[in-house]
Amino acid sequence: MLFPFFSYLENNGLYWIFPLTSATAWFAMLWAMLIVYLVQGRPQYPTMEHGKVAYISDIGAQELGPLFVTGCAITGLFFFLSLLFMRRHQALPRRLDRILDFLALLFGLLGSVSLVLLTVFDTAVYSNLHRLFLLLFMLGVILSAIFTTLEYRSLGKSFVDHAVLRYSYLAKTVLLVTEGALSIAFIVCLLQKRHTAGAILEWVIAFIFTFYVLTFVFDLRPKAHTRNRLEREVEEGMRRRALKETDTQAGTNMAAREPQESEETFGSGNGGMEVPLPPAVRA
């Protein structure tokens, strides 16, 4: 059932649904968890280490665990599909672009898998494994974003007439720099056990990640229009070629008939011109 579904999305140019689904699931999950935490009066969970603000994983390790697992699974799956479909329908003329493309996809897969695993190994029971997968998730997403941004910069030089590449590159660069700086600050807070500041940074980083995923919506939407335009151009080209071949064949047939008609006219005694014989021949 999945392959016909993906084929339907591909045939109708609906690739942009993947990043939109990923961003929506992530954003809705974060808001739901934050609202429940605030409505409950910001409780002090057992997993909190003397901080005044709960980490996302602290809330996810409690009764909202199923929401946390489901939201991260949907986000990770459709984020990877976004990267995969970007690569599948992208013409890469240079070897450097293909290498950057592969690295972006590889580290995107690492980030997506780590996002799911960090919810399975929650911080309440598997604190060390949870932190390991959290760091792998952040590392995978940041490295994937770096290689994706470099790839768009390279493609922007090759296809200067495609404005969407330039705008996407600028948006990804701004978000990448922001996320990178905040992630470094977050890791420093973890190492120095400044948990309140670290928790606030984690929430900010998580919400900004939503906008990074949404940039792929604008990357994938033009592909639908490009696909339709190319299909129209191919059909128009085939029609013109057929007309040209027809005209060429008609011209060839006409050229083949002209010598035959001239010969028949030249030697015909009924309707053609008779050529007078020379005097020596008449004698």
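Use the structure listed above.
Thresholds applied
Residues numbered from 1 in each chain as written. Predicted model: local features only at pLDDT ≥ 70, side-chain atom pairs only at ≥ 80, totals over all residues. Heavy atoms only, no water. Helix = DSSP H or I, 4+ residues; strand = E, 2+ residues; numbered from the N terminus. Contact = heavy atoms within 4.5 Å. Areas by Shrake-Rupley, 256 points an atom, 1.4 Å probe, with all protein chains shown as cover. Expected span 1.5 Å × (residues − 1). Buried < 20%, exposed > 50% of the residue type's maximum accessible area, 1.4 Å probe, protein only. Polar contact = N/O pair within 3.5 Å; in protein donor to acceptor, adjacent residues only side chain to side chain. Core = buried A, V, L, I, M, F, W, Y, C linked by side-chain atoms within 4.5 Å.

### Quick look at the overall build of the protein
So, point 1. When helices and strands are counted, the protein shows 9 helices and 0 strands.
So, point 2. Its helices and strands in sequence order give the protein the pattern α-α-α-α-α-α-α-α-α, from N to C terminus.
So, point 3. Taking all contacts inside the protein whose residues are at least 6 apart in sequence as the whole, residues at least 24 apart take part in 72%.
So, point 4. As displayed, the protein offers around 16800 Å² of accessible surface, 67% of which is attributable to carbon and sulfur atoms.

### Some points on helix α5 (residues 95–120)
So, point 1. For α5, built from 26 residues, the straight-helix expectation of 38 Å at 1.5 Å per residue is met to within 8% by its first-to-last C-alpha distance of 38 Å.
So, point 2. For α5, the full list of buried residues reads D97, L100, D101, A104, L105, G108, G111, S112, S114, L115, L118 and T119.

### Here's the deal with unusual backbone geometry
So, point 1. One non-glycine residue, R42, lies in the positive phi region at around 50°.
So, point 2. Within the secondary structure, R42 sits in the loop between α2 (17–39) and α3 (56–60).
So, point 3. Although it is not a glycine, K193 sits at a positive phi angle of roughly 55°.
So, point 4. Tracing the chain through its elements places K193 in the loop between α7 (163–191) and α8 (195–267).

### A short note on the environment of Y37
So, point 1. Within the fold, Y37 resides in helix α2.
So, point 2. Residue classification places Y37 among the buried positions, given a relative accessible area of 2%.
So, point 3. For Y37, the residues in contact, after removing those within four places along its chain, are R42, P43, Y45, K52, V53, A54 and I59.
So, point 4. A distance of 3.3 Å separates a polar atom in the side chain of Y37 from the backbone nitrogen of A54.

### A closer look at the side chain of K172
So, point 1. With respect to the helices, strands and loops of the structure, K172 is situated in helix α7.
So, point 2. Classification of K172 by relative accessible area gives buried; the value is 0%.
So, point 3. The residues contacting K172, other than those within four sequence positions of it, are T148, T149, Y212, T215, F216 and D219.

### So, the side chain of S82
So, point 1. By secondary structure assignment, the location of S82 is in helix α4 (residues 65–88).
So, point 2. A distance of 2.7 Å separates a polar atom in the side chain of S82 from the backbone oxygen of F78.
So, point 3. Leave out the neighbours within four places in its chain, and S82 touches F18, P19 and L220.

### Here we look at the environment of L139
So, point 1. The residue L139 is located in helix α6 (residues 127–158) in this model.
So, point 2. In sequence terms L139 and L110 are 29 residues apart; their C-alpha atoms lie 8.6 Å from each other.

### Quick word on α2
So, point 1. The terminal C-alpha atoms of α2 lie 32 Å apart, and with 23 residues this matches the ideal 33 Å at 1.5 Å per residue to within 8%.
So, point 2. Residues of α2 that are buried: F18, P19, S22, A23, A25, W26, M29, L30, M33, L34 and Y37.
So, point 3. Note on α2: the residue one or two positions beyond its end, G41, has a positive phi of about 85°.

### Some details on the nonpolar core
So, point 1. With 53 residues, the main nonpolar core has W26, L30, M33, I59 and W203 as its most contacted residues.
So, point 2. Mapped by element, the contributors of at least two residues to this core are α2, α3, α4, α5, α6, α7 and α8.
So, point 3. Ranked by residues supplied to this core, first place goes to α8 with 12 residues.
So, point 4. Residues in contact with M33, not counting those within four places in the same chain, are I56, I59, G60, L64, L67, F68 and W203.

### Structural notes on the environment of Q40
So, point 1. Note that Q40 resides in the loop between α2 and α3.
So, point 2. Excluding its chain neighbours within four sequence positions, the residues that come into contact with Q40 are Y45 and E63.
So, point 3. In this structure the side chain of Q40 is engaged in a polar contact, spanning 2.9 Å, whose partner is the side chain of E63.

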